[in-house]
Amino acid sequence: MPVSDLSSRTVLVTGATSGIGYQTARLLAERGATVLVHGRTAEEALAAADRLVTLAGVDGSRLCSIAADFTRLEEVEHLAARVLTEHPHLDVLVNNAGMAAPERHTVTADGNEIAFQVNFLAHYLLTHLLEPALTSGTGGRVVNVSSSLHRTGSIQWNDPNRTRRYSRLAAYAQSQLALTVFAADPRVSAVSVHPGVCATSLLPLYAHDGVAPADGAAHVVRLCDPAVEIVNGAYYDREHRVDPAPAATEERTVKRLTKLADVLVGHTA
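Residues numbered from 1 in each chain as written. Predicted model: local features only at pLDDT ≥ 70, side-chain atom pairs only at ≥ 80, totals over all residues. Heavy atoms only, no water.

*Asks:* Pulling in residues and values, what's your account of the sheet that holds strand β4 (residues 92-95)?
*Replies:* Read across the sheet, eight strands follow the order β3-β2-β1-β4-β5-β6-β7-β8 without closing on themselves; strand pairing throughout is mixed. Only two strands of the sheet have a single neighbouring strand rather than two, namely β3 (63-67) and β8 (240-242). Between one strand axis and the next, the sheet turns by 25 degrees as a mean value, whatever way the strands run. Pairing of strand β1 (residues 10-13) with β4, which is carried by three bridges, proceeds in the parallel orientation. When the sheet's bridge partners are listed, Val13 is paired in β4 with Val94. Set on the sheet, helix α1 (residues 19-30) makes contact with β1, β2 (34-39) and β3; between it and β1 the angle comes to about 170 degrees. (Pairing = 2+ DSSP bridges. Helix = DSSP H or I, 4+ residues; strand = E, 2+ residues; numbered from the N terminus. Axes fitted to C-alpha atoms, helices over the stretch in contact; angles between N-to-C directions. Contact = heavy atoms within 4.5 Å.)

As structure tokens, this is what we get:
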């Protein structure tokens, strides 16, 4: 497929300081897109943008570093407010930031299990707050970087924090299933993609060996391209559109998750 020019596109990539997020930012910027490089702290985001300029030769005028710690939903709200002010039109939001659930059950200051908040709730909140920017023109879309492990997950509706029975793998899988279900929410066009097993900090959850993060990022970037038509709620395993876990497309599950997430982020849509 020919590589199209993305110079008219503005894309926000969360978790862009390392791994797939960093390589996604690089590939987008190399194709001319304006990229908002998100990091957990302002220092990390700025350092990533500097690396893209010095090591990857990216045009610095195409980069904007922004920060929010996703373990604090208040910071997500501040981030969204800044983006809406500085970039009232956003073409793509790449929900990529993620973490492995820790060995020990950990709850954020907002009262949510940490992996559920960082991997899903923060992105849920950010997406809805940025809805005006994503829908200010035609073709705005959201790309959720999910995982094949969503197939092993189940959402504990009565105990999403998994306080009663905690397993780090189950907590991670639940967060990825929620992110995949969220793509079927009708408010903004969205898809999910499993970028393959890549050699990132999350590799131990999957295997001993993984492909280069740039290979995974290429699958993400492809879905950011307006020349690639998407179907809302679709799930991709690398470049192939496949059926996600059955729960991910059930209307009842989508509505139930929306209700739960609105309560947990203290936001009524």
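*Asks:* Which residues make up the packing of α1 against helix α2 (residues 42-54), and what values go with them?
*Replies:* Interhelical geometry of α1 versus α2 gives an angle of 50 degrees and a closest axis separation of 11 Å. Considering the angle they form, α1 stands oblique to α2. Here α1 runs over α2; the crossing is right-handed. Across the interface between the two elements, Tyr22, Ala25 and Arg26 of α1 pack against Ala48, Arg51 and Leu52 of α2. Its residues assigned to classes, the contact of α1 with α2 shows four nonpolar, no polar and two charged. (Parallel < 35°, antiparallel > 145°, perpendicular 65-115°, else oblique. Left-handed = near helix turned anticlockwise from the far one by under 90°. Nonpolar A, V, L, I, M, F, W, Y, C, P; charged D, E, K, R; others polar.)

*Asks:* Go over the nonpolar core with me, naming the residues and quoting the values.
*Replies:* If you look at the biggest cluster of nonpolar residues, it comprises 42 residues, and the most contacted ones within it are Leu12, Phe70, Val83, Leu90, Phe120, Leu126 and Leu130. Contributions of two or more residues to this core are made by β3, α3 (73-86), α4 (114-129), α5 (131-134), α6 (168-182) and α8 (251-264). With nine residues, the top contributor of residues to this core is α4. When neighbours within four sequence positions are excluded, Phe120 is seen to be in contact with Ala115, Ser175, Ala178, Leu179, Phe182, Leu257 and Ala261. Counting residues in each nonpolar core, the second largest holds 32 residues, with Ala16, Ala25, Val92 and Ala217 among its members. (Core = buried A, V, L, I, M, F, W, Y, C linked by side-chain atoms within 4.5 Å. Buried < 20%, exposed > 50% of the residue type's maximum accessible area, 1.4 Å probe, protein only.)

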